[in-house]
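# Observations on the three-dimensional arrangement
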Amino acid sequence: MKDLLARWMPIDASAHGAELDQMNAIVHWLMALLFVGWGIYFIWVLFRYRAGRQPKADYVGAKSKISTWTEIGVVIAEAIILVGFAIPAWARWVTPPAAGDNPLTVRVIGEQFAWNIHYPGPDGVFGSQKAELMGASNPIGLDPEDSAGADDIVTINQLHLPVDRPVTVLLSSKDVIHSFALPVLRVKQDAIPGMETPIHFTAVMPTPAAATLPACAAEKECWEIACAQLCGLGHYRMRGFITVHEQGGFEAWLAEQGG
Ligand SMILES: [Cu+2]
């Protein structure tokens, strides 16, 4: 039944996406069942209690227990979705990757209307930032006095990731609330000014050549970062691109950027 909905979903390149897609499918099938059930019941009530057949109001009401049991069944189904699927998926989602799995930490800072991506560079330490240094040539206000920031890499709208390596994105915003959405990686999280929200996921599929810039732009097949929260007049152009590199390709890209 998952496959019936899968045709409308974007490709899933993440380790955790199948679980979310399955839950999405279960919830939608339950909603479809309730919609059809209530629809049939509504039509039956209109017919059964029409004025011609039921001229006088019935003050006793329904005596059958069917409605009670149906309601209990729906509550049980919803409890199974919540306890059996949603809470375990959420628990895995908020658990940071083990240090032994060599996770990559990237900072993503939303602004009107772009995504700033900040890599710590070979030293693995993010350089410090100062709000007063922020400007067109230094969008995240990296402090040149701080030696930890000398090897940092900052890109705009270009998120590069390694395949099969856990990633933690530390998400924040410079101005208003944005929503960092990576549809092909089944990631969506609000970016809130004044807060740094961690997100954990692993990409398990390298971006195909056809979905990489510039080839993808014409075919409309890019792996995109979308802003999923209306954030101002330029919201529609707050669009970034994801490149998941093959083994070794990410390190080569980092070295190229650093050079
Ligand atoms: Cu936005």
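Quick look at the structure, then. None of the values given here were measured: they were computed from a predicted structure. Counting from 1, residues in each chain are numbered in the order their sequence is written. pLDDT decides what is reported in this predicted model: residues at 70 or higher carry local features, side-chain atom pairs at 80 or more are listed and counted, and totals for whole chains, interfaces and linings draw on all residues regardless. Side-chain metrics rest on all non-hydrogen atoms present in the structure, leaving aside hydrogens and water.

Once that is clear, we can look at the overall build of the protein chain. Scanning the protein chain from terminus to terminus reveals five helices and 10 strands. For the protein chain, the C-alpha atoms occupy an extent of roughly 85 × 40 × 40 Å along the three principal directions. In this scheme, a residue with accessible area under 20% of its type's maximum is buried, one over 50% is exposed, and one in between is partly exposed, where area comes from a 1.4 Å probe on protein chains only. The buried share of the protein chain, reckoned over its 259 residues, is 35%. We call two residues contacting when some pair of their heavy atoms lies within 4.5 Å. By sequence separation, contacts in the protein chain at least 24 residues apart represent 66% of the contacts at least 6 residues apart. Only the protein chains shown count as cover for residues, and the accessible areas themselves come from Shrake-Rupley with a 1.4 Å probe. When the accessible surface of the protein chain is summed, it comes to about 15,300 Å², and 64% of that surface belongs to carbon and sulfur atoms. We count a stretch as a helix when DSSP gives it H or I for four or more residues in a row; a strand needs E for two or more, and each element gets its number in order from the N terminus.

We call two strands paired when DSSP finds no fewer than two bridges between them. With mixed pairing, five strands are arranged side by side in an open sheet as β4-β10-β9-β6-β7. Of all strands in the sheet, those with a lone pairing partner are β4 (158–162) and β7 (187–191), marking the two edges. Direction aside, the axes of adjacent strands within the sheet are offset by 25° on average. Inspection of the sheet shows β4 paired to strand β10 (residues 239–245) by five bridges, in the parallel sense. Bridge assignment links Gln158 to a residue of β10, and that residue is Phe241. Note on geometry: axes are lines fitted to C-alpha atoms, helical ones only across the stretch in contact, with angles between N-to-C directions running from 0 to 180 degrees.

The five strands are arranged β3-β2-β1-β5-β8 in an open sheet whose pairing can be described as mixed. The outermost strands of the open sheet, each flanked by one partner alone, are β3 (153–156) and β8 (197–202). The average undirected angle you get between the axes of adjacent strands in this sheet is 25°. Bridge count for strand β2 (residues 114–119) against β3 is four bridges, and the pairing is antiparallel. Within β3, the position partnered with Ile117 by the bridge is Thr155. Relative to β3, helix α5 (residues 249–258) is tilted by about 100°, and along the sheet it contacts β1 (104–111), β2 and β3.

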